[in-house]
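Secondary and tertiary structure notes
Here is how the chains run, residue by residue.
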Amino acid sequence: MPKKLLITFMAFAFVGILVFLVGWAGATQEVALPQRITPEVLCPVAGCAQREECHAAAKPPFPDGTFEMICPRVRSCSDTDCHAWDRIEATRSKPSDASMNLWILAPVILVVTLVVIVRKL
Amino acid sequence: MKASRKLIIDIVAAVVYLITANPGVTGLLIHEWLSLGLVFIFLVHCAVNYDWIANTIKRHGDTVSIANLVFDAVILITFMVVTVSGIFVSRHILPLAGYVAPGYFFWNPVHSISAKVLLALLVVHVVIHLRWFSSLRGRGKASRTKRDGAD
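Residues numbered from 1 in each chain as written. Chains lettered and ligands numbered in written order. Predicted model: local features only at pLDDT ≥ 70, side-chain atom pairs only at ≥ 80, totals over all residues. Heavy atoms only, no water.

**Points about the overall build of chain B**
Within chain B, the regular secondary structure consists of eight helices and one strand. Taken from N to C terminus, the helices and strands of chain B fall in the order α-α-α-α-α-α-β-α-α. Each of the 151 residues in chain B was classed as buried or not, and the buried ones make up 36%. By sequence separation, contacts in chain B at least 24 residues apart represent 67% of the contacts at least 6 residues apart. For chain B, the exposed area adds up to about 8600 Å²; of that, 69% sits on carbon and sulfur atoms. (Helix = DSSP H or I, 4+ residues; strand = E, 2+ residues; numbered from the N terminus. Buried < 20%, exposed > 50% of the residue type's maximum accessible area, 1.4 Å probe, protein only. Contact = heavy atoms within 4.5 Å. Areas by Shrake-Rupley, 256 points an atom, 1.4 Å probe, with all protein chains shown as cover.)

Structural data, given as structure tokens:
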């Protein structure tokens, strides 16, 4: 069993490395390995230079009126205030109805229908 | 490995996956830590089925087995896309380790889309193996009937 686990782990790791390499080769923006957090590093999400605390760890990055942040939806907009933050917070981490229909309902209905058809045949 | 133990691993994997796949309910912190556990559980799930995988490849199994294996390989690739992209958009575990990853706006949509593809693939994977689950139930009933008859 340990040998099987090791071989399986190596297969997972190999595929993972391939995924990173494909992403690195295909991405149009900067993609690189994780870097150590230093005083010079900006927040990768909002480009915020706040050093004392991160106001994006648990919730969407909220504008604090002091540090300039890049809008995650309109990357060309950067401000200390945000006029769309309520909407961004409301839709964050929540799949849209269309997304739920496409990716959950549709495959379930399709597969169940196929199973029923195959059994009837 | 006994079929009943494999079933337990499969049920645990399914339950943990269903909880992990809902970060809107659990929050990001639980989502990230559970995801790490899920990688290990999926690893074990693949390892316990290693013999079937090896036999299908070595003996050039029948068409259905090979098709099944190819489908499982697609699931593996999708799962690793979800995992790798998840690591790169991590907001708790990676910063806890003292790291931050660039390319958030590339990996975030990749993570989101691949997670949905993985859900669809896993639904099909479970349906494909429904007969195995039913046969386990049948075996369980038969052995209980035999035990009751012997009494």
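**A word on the side chain of B:Ser85**
Examined against the element boundaries, B:Ser85 turns out to sit in helix H5 (residues 63-88). Not counting residues within four places of it along the chain, the set of residues in contact with B:Ser85 comprises B:Trp107, B:Val110, B:His111 and B:Ser114.

**Digging into the environment of A:Val108**
Note on placement: A:Val108 falls in helix H3 (residues 97-120). Residues A:Val108 and A:Cys71, spaced 37 residues apart in sequence, show a C-alpha to C-alpha distance of 36 Å.

**What to know about helix H3 (residues 28-48) of chain B**
With 21 residues, H3(B) should cover 30 Å at 1.5 Å per step; its first-to-last C-alpha distance of 30 Å lies within 8% of that length. Of all the residues in H3(B), the buried ones are B:His31, B:Glu32, B:Leu38, B:Ile41, B:Phe42, B:Leu43, B:Val44, B:Ala47 and B:Val48. (Expected span 1.5 Å × (residues − 1).)

**Concerning the nonpolar core**
Counting residues in each nonpolar core, the largest one holds 30 residues, and the members touching the most others are B:Phe42, B:Phe79, B:Trp107 and B:Leu118. Sorting the residues of this core by element identifies helix H1 (2-26) of chain A together with helix H1 (3-20), H3, H5 and helix H7 (104-128) of chain B as the ones contributing at least two each. If sequence neighbours within four positions are ignored, B:Phe42 has contacts with A:Phe12, B:Ala13, B:Phe79 and B:Leu122. (Core = buried A, V, L, I, M, F, W, Y, C linked by side-chain atoms within 4.5 Å.)

**Some words on the interface of chain B and chain A**
The partner chain A presents 41 residues to the 40 residues of chain B that form the contact. With both chains or domains summed, chain B and chain A bury close to 3800 Å², and 77% of this area falls on carbon and sulfur atoms. When the area that chain B buries against chain A is broken down by residue, the three leading residues are B:Arg91, B:Val100 and B:Phe105, summing to 18%. Taken together, the connections running from chain B to chain A amount to one salt bridge. For B:Asp51, the salt bridge is made with A:Lys4, and the minimal N-O distance between the two is 3.2 Å. Linking chain B with chain A are one residue pair in polar contact (both at pLDDT 80 or more). (Buried area = accessible area lost by both parts, 1.4 Å probe. Salt bridge = Lys/Arg side-chain N within 4 Å of Asp/Glu carboxyl O. Polar contact = N/O pair within 3.5 Å; in protein donor to acceptor, adjacent residues only side chain to side chain.)

**Details of H7(B)**
The end-to-end C-alpha distance of H7(B), which contains 25 residues, comes to 35 Å, matching closely the 36 Å that a straight helix rising 1.5 Å per residue would cover. Regarding H7(B), the residues found buried are B:Tyr104, B:Phe105, B:Trp107, B:His111, B:Ser114, B:Leu118, B:Ala120, B:Leu121, B:Leu122 and B:His125.

**Observations regarding the confidence of the model for chain B**
Residues and elements named next belong to chain B. Taken as a whole, chain B shows an average pLDDT of 84; of its residues, 88% reach a score of 70 or greater. Mean pLDDT across the secondary structure elements of chain B bottoms out at helix H8 (residues 130-150), with 63, and peaks at H3, with 92. Across the interface, the model reports ipTM at 0.82; the global pTM reads 0.77. (pLDDT = per-residue confidence, 0-100.)

**Describing the packing of aromatic side chains**
Scanning the model with the defined rule gives six aromatic pairs over all chains in all. Residues B:Phe106 and B:Trp107 carry aromatic rings whose centres are separated by 4.9 Å and whose planes lie at 75° to one another, so their mutual orientation is edge-to-face. Within the aromatic cluster, the residues linked to one another by ring pairs are A:Phe20, B:Phe88, B:Phe106 and B:Trp107. (Phe/Tyr/Trp six-rings, centres within 6.5 Å; stacked < 30°, edge-to-face > 60°.)

**Digging into the packing of H1(A) against H3(B)**
It is the contact of H1(A) with H3(B), at a shortest axis distance of 9 Å, that shows an interaxial angle of 120°. Considering the angle they form, H1(A) stands oblique to H3(B). Crossing hand, H1(A) versus H3(B): right-handed. Residues A:Lys4, A:Leu5, A:Thr8, A:Phe9 and A:Phe12 of H1(A) touch H3(B), and the partners they reach there are B:Val39, B:Phe42, B:Leu43, B:Val44, B:Cys46 and B:Ala47. When its residues are assigned to classes, the contact of H1(A) with H3(B) shows nine nonpolar, one polar and one charged. (Axes fitted to C-alpha atoms, helices over the stretch in contact; angles between N-to-C directions. Parallel < 35°, antiparallel > 145°, perpendicular 65-115°, else oblique. Left-handed = near helix turned anticlockwise from the far one by under 90°. Nonpolar A, V, L, I, M, F, W, Y, C, P; charged D, E, K, R; others polar.)

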